[in-house]
Amino acid sequence: MTSFAEATMGPRGGTAPRLIDGFGRLHTDLRVSVTDRCNLRCTYCMPLDATFKPKSELLSFEEIERVVRIAVGLGIRSVRLTGGEPLVRKDLHILVRSLAAIEGIEDLSLTTNGLLLAAQAGDLARAGLSRLNVSLDSLRDEVFESIARTRGLSEVLEGLAVAKRTGFRSIRINAVSLRGLSELEIVPLAEFCRREGFHLRFIEFMPLDAERAWSDVRVLTGEEVRRILESRFGPLEPARPTDPGQPAVDYRYADGGPDGDGGLVGFIDPVSRPFCDRCDRLRLTADGQFRNCLFSTTEWDARAVLRSGGDDAEIARLLLECVAAKRAAHGIGSPEFERPARSMYQIGG
Ligand code: SAM
Ligand code: SF4
């Protein structure tokens, strides 16, 4: 049996990172879903009558910590916790503390809908979480509710206020843009983020909704959102990427923003401008499956290895196999495109 050290050995015997796929892409970012449950039912993600995996099928905190530690040994540097809604997983800060202690992780972040953030922001920050992404598509109750199919806007805003006071290094707002729904939300969201110092990013609607209502007609592209912003705020100037692997293209408001420091607004355009050529992401689902793409139709079962007494080298090998099998691109829009069986909340966005 190969030892962990051998499995992770570089070509000349060094311990070089090896999460490089057949197209030369180096993987340094791992998205870890901690649950498929959620306290919202966003139309673009979950069905109203969602059913969830039994708890026994979800990885325990100890299992997640072990897999992440092995992935870090293979070159993962950035870990993001997601779901479902990660804050519905009890005592998430305990997991955050154990992950923050892993040497080699340079960036530990969380994506949340923000509903439970006010109560947990302090514990999460103290546990070592460095960055927060909060999803927010509208600042109007009725639009929020029509998308999320649950009330909750005031809780999200309260969560953001508490997180800001708690002193997170960076708070991003993610907004999915949907044609026929988002057009009037764009400028108010931008004004709010400029005022509060939040980094706003618009994400194109992807074919990962459980109700399978996606069609390219419903995709309000990043380019269209940018034009709406420019008609209100004037020109946006391309900003230097903070991270070379980042899928978002960021812009700076040329008017300097309300307090003169500019502020950033970004666009994640997986449908109109796929960024597969620079993708550095891997995923671990809440039930312990490695995926090499949001749109992957194959999974690598880490939970089976963990629960059958497999050693670290076996898990490392599984992750290497997952990376080696990564396709060049997701192929949305091509005749060969095949939607994965899982929807966004079951993968971890
Ligand atoms: N519940 C958390 C939240 O909403 O932030 C974390 C999980 S959620 C699946 C992660 C991100 O995926 C959110 O920003 C959400 O808006 C986005 N998302 C969900 N379904 C999507 C879809 N079909 N297309 C584009 N983005 C989507
Ligand atoms: Fe829940 Fe996030 Fe999906 Fe909305 S996008 S249903 S908040 S997991």
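Here's a quick rundown of the structure. (Residues numbered from 1 in each chain as written. Chains lettered and ligands numbered in written order. Predicted model: local features only at pLDDT ≥ 70, side-chain atom pairs only at ≥ 80, totals over all residues. Heavy atoms only, no water.)

1. Regarding the site of ligand 1
Now for step 1: In the vicinity of ligand 1 lie 18 residues, with Y44, G84, E85, S135 and M206 positioned nearest.
Now for step 2: Between an oxygen atom of ligand 1 and a side-chain N or O atom of S135, the distance comes to 2.5 Å.
Now for step 3: For ligand 1, whose unbound accessible area comes to 540 Å², protein coverage reaches 95%.
Now for step 4: Of the residues belonging to the shell around ligand 1, the class tally is 7 nonpolar, 9 polar and 2 charged. (Near = heavy atom within 4 Å. Polar contact = N/O pair within 3.5 Å; in protein donor to acceptor, adjacent residues only side chain to side chain. Areas by Shrake-Rupley, 256 points an atom, 1.4 Å probe, with all protein chains shown as cover. Nonpolar A, V, L, I, M, F, W, Y, C, P; charged D, E, K, R; others polar.)

2. Some words on the side chain of R41
Now for step 1: Along the chain, R41 turns up in the loop between β1 (29-33) and α2 (61-73).
Now for step 2: Buried charge R41 goes without a salt bridge, the closest partner of opposite sign being D49 at 7.5 Å.
Now for step 3: From its side chain, R41 meets the backbone oxygen of C38 in a polar contact 2.8 Å long.
Now for step 4: Every residue in contact with R41, bar those within four places of it in the chain, is listed here: M46, P47, L48, A50, F52, I147, A148, R149 and T150. (Helix = DSSP H or I, 4+ residues; strand = E, 2+ residues; numbered from the N terminus. Buried < 20%, exposed > 50% of the residue type's maximum accessible area, 1.4 Å probe, protein only. Lys, Arg positive; Asp, Glu negative; His and termini not counted. Salt bridge = Lys/Arg side-chain N within 4 Å of Asp/Glu carboxyl O. Contact = heavy atoms within 4.5 Å.)

3. Re α2
Residues spaced three or four apart along an α-helix point in a common direction, a consequence of the helix completing one turn every 3.6 residues.
Now for step 1: Look at α2: 18 Å from first C-alpha to last across 13 residues, which is about the 18 Å you get at 1.5 Å a residue.
Now for step 2: Turning to α2, its buried residues are F61, E63, I64, E65, V67, V68, I70, A71 and V72.
Now for step 3: Among the residues trailing α2, G75 stands out with phi positive, at a value near 115°. (Expected span 1.5 Å × (residues − 1).)

4. Focus: the pattern of salt bridges
Now for step 1: Across all of its chains, the model carries 28 salt bridges by this definition.
Now for step 2: Put simply, D29 and R281 hold a salt bridge, and the shortest N to O gap is 3.9 Å. Taken together, the positions of D29 in strand β1 and R281 in strand β10 (residues 281-284) put the pair 252 residues apart, joining distant regions of the chain.
Now for step 3: Residue classification places D29 among the buried residues on the basis of a relative accessible area of 6%.
Now for step 4: When its relative accessible area of 16% is taken as the criterion, R281 is described as buried.
Now for step 5: Here the salt bridges do not stand alone but share partners, grouping K53, D287, R291, E299 and R342 into one network.

5. Thoughts on the packing of α2 against helix α3 (residues 92-100)
Now for step 1: Axis separation between α2 and α3 bottoms out at 10 Å; the angle between their running directions is 25°. Taken as axis vectors, α2 and α3 run roughly parallel relative to one another. For the pair α2 and α3, the sense of crossing is right-handed. On α3, the residues that touch F61, I64, E65 and V68 of α2 are L92, I94, L95, S98 and L99. (Axes fitted to C-alpha atoms, helices over the stretch in contact; angles between N-to-C directions. Parallel < 35°, antiparallel > 145°, perpendicular 65-115°, else oblique. Left-handed = near helix turned anticlockwise from the far one by under 90°.)

The values are spatial; any link to function lies outside them.
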